[in-house]
Amino acid sequence: MSTQQAPRQLPKIKFRVLIIGRANAGKTSILQRVCDTTDSPVIYRRNGWEEEPIQLDPSMDRGEHKIDDEIIFSNHKGYVFHDSRGFESGGVNELEIVQNFVQQKSGEPRLASRLHAIWYCVPMDNQRPGLDLKHFKDICPDQNVPVIAVFTKYDQFKLDVEMDLEDGDVNGAETTPEIQFEENYLCHLGARAKYVRLEKMHKPDGCCKELIEETARVLNDNVVTLMLVAVQRSNVELSVKLAVERTLPHLRSDAEDIMSMTITKQFSSGTPGCYLMTVIIILLKHATTLRPSGLSSQSALSQAHLDCQKLNIGPKIIQHFTEPPQNYSVQDFVDFIMGVMVGLLLHYQDNI
């Protein structure tokens, strides 16, 4: 009988996103790429205290969804999406519905029930981009939920501009797709607005890596950031990148000494490098979590070092991974790391 411990089960974390955009903006493709699936989502509607699946056209480009409906993909239930059509009709009613929803969901007492991010989709095959972006700044006036402009079909936009240049339909020898984008799209956003440009979303190899990374960067709460990383638990690159981006730039030169001391005290010589990297990631991510509490970068790292010692992270890694490292997948290590981090979050945040 194997003595290997069963992988730690992650709590049911929900990362909630409102996606806004008119028909044919590519919203369904974006959500499928984020969730790494080609299946249609299941749509749930609340009936009193119960939620029940409803029969609507699963494509958000055609179905009559209510903004309160929860859109969930069966293979990736950590994400909960809400859909709102765009504002091409110019009606004030649609904007009020969205604003009321954002206000309500941003004030939910439970973190898992709150709205965490808004993706504002703008298809770049539109001849009137100003109309699509008219209400971008009005969606969340108090800015307590980050709004990211998602420009879709950017590859088609570049092709169209280049074809116009070849045909002589665009004045100015200096005109390029980048200049056209700045003059016709970015001008409507504002200096501090966050945005991404997506290409090839209609192809099997299309991905939303930039959208996920930008969302993680603009989240207001580091706890919410780690919720996103937990939902994206197979994305090792995102996890490591966030830890390094948010911690290392603020550390003094003796940060390396602290990490070296942690590793030396918790591991013996000859320990596989992947185990050492595992504890470094946990250490950096825990230090990142402690930063909002007012601690300096160095104090946060020192506190994270002490917590790792108290929790015996090193021995736990050795006890958990009882077989040679090559017998485990990347997912095994990621699940362990995120299990430790989520456990720490639950310790500090009892409202998840």
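Residues numbered from 1 in each chain as written. Predicted model: local features only at pLDDT ≥ 70, side-chain atom pairs only at ≥ 80, totals over all residues. Heavy atoms only, no water.

**Describing the overall build of the chain**
Put simply, the rule reads: Secondary structure follows DSSP: runs of H or I at least 4 residues long count as helices, runs of E at least 2 residues long count as strands, and numbering of each begins at the N terminus. Accessible area is worked out with a 1.4 Å probe on protein chains only. A residue is then buried under 20% of its type maximum, exposed over 50%, and partly exposed in between. Any two residues having at least one pair of non-hydrogen atoms within 4.5 Å are treated as being in contact. Residue-level accessible areas treat just the shown protein chains as cover; the underlying method is Shrake-Rupley with a 1.4 Å probe.
On a plain count of helices and strands, the chain comes out with 13 helices and eight strands. For the chain, the residues scored as buried account for 48% of the 352 residues in total. If you take every contact in the chain between residues at least 6 apart in sequence, the share linking residues at least 24 apart comes to 71%. A total of about 18100 Å² of accessible surface is found on the chain, and carbon and sulfur atoms cover 48% of it.

**Section: the sheet that holds strand E4 (residues 70-73)**
Through backbone hydrogen bonds, the strands of a sheet pair up, either in parallel or in antiparallel fashion. We apply this condition: A pair of strands is considered paired only if DSSP assigns at least 2 bridges between the two. Axis definition: a line fitted to C-alpha atoms, limited for helices to the stretch in contact. Angles are taken between N-to-C directions and run from 0 to 180 degrees.
Spatially, eight strands are ordered E3-E2-E4-E5-E1-E6-E7-E8 in an open sheet, and the strand pairing comes out mixed. Looking at the sheet topology across the chains shown, the edges are occupied by strand E3 (50-53) and strand E8 (194-197). The sheet shows a mean angle of 30 degrees between the axes of neighbouring strands, taken without regard to direction. Sheet analysis places E4 next to strand E5 (residues 76-84), joined by two bridges and oriented antiparallel. Opposite Phe 73, over in E5, you have His 76 as the bridge partner.

**Examining the confidence of the model for the chain**
Short version of the rule: Within a predicted model, pLDDT stands for the predictor's per-residue confidence, ranging from 0 to 100.
Residues with a pLDDT of 70 or more make up 70% of the chain, whose mean pLDDT is 75. The weakest mean pLDDT in the chain belongs to helix H9 (residues 255-266) at 55; the strongest belongs to strand E1 (residues 15-20) at 94.

**Brief notes about the pattern of salt bridges**
Filter applied, for reference: Salt bridge, as used here: a side-chain nitrogen of Lys or Arg that lies within 4 Å of a carboxyl oxygen of Asp or Glu.
Counting across every chain of the model gives eight salt bridges. As a salt-bridge pair, Glu 213 and Arg 217 come within 3.6 Å of each other at their nearest N and O atoms. You can see Glu 213 and its partner Arg 217 sitting in helix H6 (residues 209-218), four residues apart, about one turn around the helix. A salt bridge links Glu 214 to Arg 217; its shortest N-O distance comes to 3.7 Å. Taken together, the residues span about one helical turn, with Glu 214 and Arg 217 both in helix H6 at a distance of three residues. With a relative accessible area of 16%, Glu 214 lands in the buried category. With a relative accessible area of 36%, Arg 217 lands in the partly exposed category.

**Considerations on unusual backbone geometry**
Backbone geometry at Asp 36 places phi at a positive 55 degrees, although glycine is not the residue there. Residues other than glycine seldom take positive phi values, yet Lys 153 does so here, at roughly 60 degrees. For Lys 153, a relative accessible area of 29% gives the class partly exposed.

**Considering the nonpolar core**
Applicable threshold: Only buried residues count toward a nonpolar core. Its members are Ala, Val, Leu, Ile, Met, Phe, Trp, Tyr and Cys residues joined through side-chain atoms within 4.5 Å.
Phe 15, Ile 30, Tyr 79, Phe 81, Trp 119 and Val 150 are the most contacted members of the largest nonpolar core, which has 35 residues in total. Of all the secondary-structure elements, those providing two or more residues to this core are E1, helix H1 (27-34), E4, E5, strand E6 (117-123), strand E7 (147-152), H6 and helix H7 (222-231). Membership of the second largest hydrophobic core comes to 27 residues, among which are Val 98, Leu 133, Phe 181 and Leu 189.

**Remarks on the pairing of E4**
Because side chains alternate across E4, one face comprises the buried residues Glu 70 and Ile 72, and the other comprises Ile 71 and Phe 73, equally buried. As judged from the three bridges shared by strand E2 (residues 42-47) and E4, these two strands associate in the antiparallel manner. Within E4, the position partnered with Ile 43 by the bridge is Ile 71. As consecutive antiparallel partners, E4 and E5 are separated by two residues.

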